[in-house]
Amino acid sequence: MLRLVLQCTAIVCTSLLVGGIFVFPLLAPALMEHLKLTQTQLSSIALAGMAGQYPFSSIVGKLIDHYGPRVCSFLAAVIFSAAFALSAMEISLSPEHSERPNTAVAERLVVYFAMAGLGTVLSYFSFVFSATKTFTNYFTIASGITMSLFGLSPLFLSYIAGKFFTDTSTGSLDVAHFLQFLAFSTGIAHLVGAYALSLPPKNTNTSQPVSNSGTADTPNERSRLLDGEDSSDCTTDPRDGSALQLLQDLHFWLLALYMVMILGVVGLFPYFICSVSWLNFQMQCEMIMSNVGTIVLSLPSSTVARALVSEGQQAASLQVKILSISNTTSRILVGPLADFISPVFEYQHLEGYMTIRKHRISRMVFLSGAASLLAATCTWMVFGVQTQHDVWLLSVGTGITYGAVFTVLPGVTCSIWGIRNLARNFGIITYSPFIGTTLYSYVYALIVTRHSAEGVACQGRICWESTFYFCLGTSLAALAINSILWRNWTGRT
C-alpha cells in the first residue's frame with residue numbers, strides 16, 4: 001500500500017512539473033529584451049521544444065513496453081536537468097542588453113529546448129502508462145486524470161514563476177534562476193519516479209472477468225491448471241503483434257486518418273492565439289487551438305465596429321481559459337464514464353475477450369460524439385458566429401473534443417491491439433496529431449494569405465470562413481470513418 005501511495009505521489013509530481021517547454025512564452029520577453037533575440041529565433045526555440053516530443057514517441061513507447069516507466073523517468077531526469085541547466089548557464093553567461101542578436105546562443109537554446117521536448121515525451125509516457133498499467137480496471141480514469149494534471153502543468157509552473165521568480169516592481173522574470181529551478185525540480189521529481197513508477201506483477205488481477213452476457217465466469221478445472229503453469233504460450237494475447245503487423249492493419253490507418261482529421265482541426269487553436277499576442281500565447285495548445293486569436297480579432301466587438309488591440313487580447317485570453325477548462329473537465333468526466341459503461345476488454349485464455357464489469361456500449365460512441373461535436377462547432381462558426389463573444393462555443397467544443405479523444409484513445413488502442421505493446425502503439429498513433437496540425441495549419445495560412453492585402457492583416461469572416469467549411473467537411477468524413485471502425489470492432493471496444 002505504501003508503495004502505491006508513493007507511486008501516485010510520483011505521478012502527480014512529475015505530471016505537474018513536466019510542462020517546462022509550454023511556459024516558454026513567459027521567457028520570451030526577457031530573452032528578447034536582454035539577448036536581443038529576434039522573433040524568428042524565439043519561434044525556432046519554441047518550435048524545437050514542441051517538435052522534440054514527436055520524432056521519438058514510438059521509440060519511447062517501446063521502451064515503456066519492454067523496460068517499464070522507471071527507465072524512461074530516469075532518462076527524463078537526466079535530459080530535463082541537462083537541458084534546463086545548460087539553458088540557464090547560456091542566459092546567465094551572456095552579456096545583458098547586447099546591441100545585436102546573439103545567434104550562437106539562440107542556436108544552442110534551440111538544441112537545449114529540443115532536448116527538453118524529448119524529456120517531455122519520456123516523462124509523459126512514464127507517468128501515463130505507469131498509471132494505466134497499474135489501474136487496469138479503471139484504465140480511462142487513470143489516463144484522464146494523469147493527462148489532466150499534465151494539462152495543468154503550464155498553469156502550475158506559471159504560478160511558480162510569477163510568485164517566486166518575478167520582480168514585483170518591474171514585472172520581469174528572472175529567467176536564469178527560473179530555469180535553474182526547473183532543472184533541479186524536474187531532475188529530483190523524475191529520479192523519485194525512477195524508483196516509484198513501478199508496475200504490478202503480471203497476472204495478479206483477482207477480479208472475476210465478466211462475459212458479454214454480464215455474468216461472472218468461474219474458471220473450470222482445466223483453466224485452474226493452466227493458471228498454475230507459468231507458461232506464456234498458454235496465455236499469449238492474440239492481439240499482441242509486431243509494429244509491422246500493426247502497420248499492415250487497415251483499421252489502424254483508418255483510426256490514424258480519424259485522428260488527423262479531428263485533432264488536425266483542433267490543433268489550429270494556438271495559431272489564432274499567436275496572431276493576437278505572440279508573447280502571451282504561442283505554443284500553449286496543439287487550425288482551431290492554434291488560431292482562435294485571429295478569429296476573435298477579425299470579428300467586431302458587440303459594442304463597437306472594430307475592437308481595440310487590448311480588447312482583442314483580453315477576448316483571446318478568455319477563449320484560452322474557456323478552452324483549458326473545457327479540456328480538463330472533459331477528461332475528468334469522460335474517464336469515469338467510459339470505464340463504467342465501456343470497460344476495456346481483457347484477454348482470458350480459454351474464455352476469450354472479457355471485461356471486469358458489464359460492457360454496455362462501445363467506446364467508439366465517445367469518438368463519434370467528439371466528431372459530431374466538432375462538426376457542430378464548425379457549423380456554428382460558418383453560420384452562427386457574428387461577434388467576438390460568440391466564439392466561446394468554438395472554445396468549448398474544441399476543448400471537449402480534444403480532451404475526450406485523448407482520454408478514450410489509450411483504452412481503444414488497448415482493446416484492439418492489446419496491452420503488451422500499448423505504449424508503442426499509442427506512440428505511433430500520436431504522430432497523427434502532428435501531421436494533422438501541420439496540414440490544417442497550412443490550409444488556414446494559405447486561405448488567410450489569399451485574402452490579405454500586402455502588408456495589411458486580414459480582417460473579417462472571409463479570413464477563416466473557408467477554413468471552417470473545409471473543417472466541417474473533414475469532421476463529417478471522420479464521423480463516417482468512425483462508423484466503419486465501430487461496425488468492424490463490434491464486441492471488442
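Here the structure is shown first, and the text comes after it.
Since this is a predicted model, take the numbers as computed values, not measurements.

A. Spatial organisation of the overall build of the protein. The helix and strand tally for the protein stands at 21 helices and two strands. In the protein, which comprises 493 residues, the proportion classed as buried is 55%. Just so you have it, the protein exposes about 21,400 Å², and 64% of that area is on carbon and sulfur atoms.

B. Here's a closer look at the environment of Val175. Within the secondary structure layout, Val175 lies in helix H8 (residues 175-196). Separated by 14 residues in the primary sequence, Val175 and Ala161 place their C-alpha atoms 8.9 Å from one another. Not counting residues up to four positions away in its chain, the partners in contact with Val175 are Leu27, Ala30 and Ile91.

C. Broad picture of the pattern of salt bridges. Under the counting rule described, the total for this entry stands at three salt bridges. The shortest N-O distance in the salt bridge between Arg108 and Glu90 comes to 2.5 Å. Here Arg108, found in helix H6 (residues 103-134), pairs with Glu90, found in helix H5 (residues 69-93); they are 18 residues apart in sequence, far enough to count as distant. The exposure class of Glu90 is buried, given its relative accessible area of 11%.

D. Just the packing of aromatic side chains, in detail. Using the criterion set out here, one finds 22 aromatic pairs in the structure. Centre to centre, the rings of Phe165 and Phe181 are 5.5 Å apart; their planes meet at 40 degrees, and the pair counts as tilted. With Phe165 in the loop between helix H7 (139-164) and H8 and Phe181 in helix H8, this pair connects stretches of sequence that are 16 residues apart. Looking at Phe181, the relative accessible area reads 25%, which means it is partly exposed.

E. Fine view of helix H18 (residues 392-417). In this model, H18 (26 residues) spans 37 Å end to end at C-alpha, consistent with the 38 Å of a helix rising 1.5 Å per residue. Approximately 30 degrees is the largest bend angle found in H18, and it occurs at Leu409, with the proline Pro410 only one to four residues beyond. H18 sits mainly inside the fold: 22 of its 26 residues count as buried. Positive phi shows up at Gly418, right after H18, with a value of about 85 degrees.

F. Region of the structure containing the environment of Leu35. Assignment of secondary structure puts Leu35 in the loop between helix H2 (24-34) and helix H3 (39-51). With 71 residues separating them along the chain, Leu35 and Ala106 place their C-alpha atoms 8.9 Å apart.

G. View of the nonpolar core. If you look at the biggest cluster of nonpolar residues, it comprises 114 residues, and the most contacted ones within it are Phe24, Leu27, Phe125 and Tyr258. Broken down by element, this core gets its largest block of residues, 14 residues, from H6.

H. Representation of the packing of helix H20 (residues 431-450) against helix H21 (residues 465-488) in the model. Taken N-terminus to C-terminus, the directions of H20 and H21 make an angle of 150 degrees; their axes are 9 Å apart at the nearest point. Judged by the angle between their axes, H20 and H21 are roughly antiparallel. For the pair H20 and H21, the sense of crossing is right-handed. Touching Tyr440, Val443, Tyr444 and Ile447 of H20 are Ser466, Thr467, Phe470, Cys471 and Thr474, all from H21. Tallied by class, the residues present in the contact of H20 with H21 amount to six nonpolar, three polar and no charged.

I. Structural detail: a nonpolar patch on the surface. The grouping of Leu6, Tyr67, Val71, Phe74, Leu75, Val78, Phe184, Ile188, Leu191, Val192 and Tyr195 at the surface amounts to a nonpolar patch, some 1,000 Å² of accessible area in total. Elements represented by at least two residues in the nonpolar patch include exactly H5 and H8. Take the nonpolar patch: its biggest share by element is five residues, from H8. The residue Leu191 is located in helix H8 in this model. Its relative accessible area of 42% is what places Leu191 among the partly exposed residues.

J. Representation of the packing of helix H4 (residues 57-67) against H6 within the structure. Where H4 contacts H6, the axes come no closer than 10 Å and their chain directions differ by 40 degrees. One finds that H4 runs oblique with respect to H6. Crossing of H4 against H6: the hand is right-handed. For the pair H4 and H6, the contacting residues are Ser57, Val60, Gly61, Ile64 and Asp65 in the first and Val121, Leu122, Phe125, Ser126, Phe129 and Lys133 in the second.

Parameters and conventions
Residues numbered from 1 in each chain as written. Predicted model: local features only at pLDDT ≥ 70, side-chain atom pairs only at ≥ 80, totals over all residues. Heavy atoms only, no water. Helix = DSSP H or I, 4+ residues; strand = E, 2+ residues; numbered from the N terminus. Buried < 20%, exposed > 50% of the residue type's maximum accessible area, 1.4 Å probe, protein only. Areas by Shrake-Rupley, 256 points an atom, 1.4 Å probe, with all protein chains shown as cover. Contact = heavy atoms within 4.5 Å. Salt bridge = Lys/Arg side-chain N within 4 Å of Asp/Glu carboxyl O. Phe/Tyr/Trp six-rings, centres within 6.5 Å; stacked < 30°, edge-to-face > 60°. Expected span 1.5 Å × (residues − 1). Bend = angle between axes of the 7 residues up to and from the residue. Core = buried A, V, L, I, M, F, W, Y, C linked by side-chain atoms within 4.5 Å. Axes fitted to C-alpha atoms, helices over the stretch in contact; angles between N-to-C directions. Parallel < 35°, antiparallel > 145°, perpendicular 65-115°, else oblique. Left-handed = near helix turned anticlockwise from the far one by under 90°. Nonpolar A, V, L, I, M, F, W, Y, C, P; charged D, E, K, R; others polar. Patch = residues over 30% accessible without salt bridge, like charges linked within 9 Å, V, L, I, M, F, W, Y side chains within 5 Å.

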